[in-house]
Amino acid sequence: MDVKGHLVLIVEDNEKNLKLARDLLGVTGFRTLAAGTAEEGLVLARQHRPDLVLMDVRLPGMSGVAALAALRGDPATAGLTVVAFTASVTSAEQQQMATAGFDGFLAKPISVREFPEQVRRYCQRRGA
Ligand code: MN
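Analysis parameters
Residues numbered from 1 in each chain as written. Predicted model: local features only at pLDDT ≥ 70, side-chain atom pairs only at ≥ 80, totals over all residues. Heavy atoms only, no water. Helix = DSSP H or I, 4+ residues; strand = E, 2+ residues; numbered from the N terminus. Rg over C-alpha atoms; globule rule 2.2 N^0.38 Å. Buried < 20%, exposed > 50% of the residue type's maximum accessible area, 1.4 Å probe, protein only. Contact = heavy atoms within 4.5 Å. Areas by Shrake-Rupley, 256 points an atom, 1.4 Å probe, with all protein chains shown as cover. Lys, Arg positive; Asp, Glu negative; His and termini not counted. Charge placed at Lys NZ, Arg CZ, Asp CG, Glu CD. Donors = N, O, S within 2.8 Å, 3.2 Å for Na, K, Ca; no water.

(A) Representation of the overall build of the protein. The helix and strand inventory of the protein stands at five helices and five strands. Along the protein, from the amino end to the carboxyl end, the secondary structure elements read β-α-β-α-β-α-β-α-β-α. The C-alpha atoms of the protein give a radius of gyration of 13 Å, which matches the 14 Å a tight globule of 128 residues would have. Each principal axis of the C-alpha distribution contributes one length, and for the protein these read about 30 × 30 × 30 Å. By the burial criterion, 45% of the 128 residues in the protein qualify as buried. The contacts of the protein with a sequence gap of at least 6 include a subset with a gap of at least 24, amounting to 64%. Here the protein has roughly 6500 Å² of accessible surface; of this, 53% comes from carbon and sulfur atoms. Taken as two groups, the 15 positive and 14 negative side-chain charges of the protein have centres that lie 5 Å from each other.

What follows is the structure, encoded as structure tokens:
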């Protein structure tokens, strides 16, 4: 799996979820950035233009949906691939996320076995 150089920004307020995602991506060769709030995530997204943003929807302060709108509204970050990172997986909620403009979603809890490959696929969509 060729993932060298892929930079993933994880925006997640749950420290356990964040650590697991970060560790799994780290051991499979991704580079990661982490933010515990949408506000921090927006700063990192503008600074680093990651290949993929994994955006928790339920965050303290600004929500992941509001953060997505902010990313899309800024020419510097409008083209980033942003995937909802969420425990909400009913079809109605998936539809809401698609309507909000997310490029996809990854369900929590993550699958230790499948997560790196799921992330790799989203990273490769960039520029496609
Ligand atoms: Mn959360």
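(B) Quick peek at the coordination of the manganese ion. Only Asp-13 (OD), Asp-56 (OD) and Arg-58 (O) from the protein reach the manganese ion as donors, at distances of 2.1 to 2.2 Å. Read in sequence order, the donor residues for the manganese ion give the motif D-x42-D-x1-R. Note that Asp-13 is positioned in the loop between β1 (7-11) and α1 (15-27) and Arg-58 in the loop between β3 (52-56) and α3 (64-72), a separation of 45 residues in sequence.

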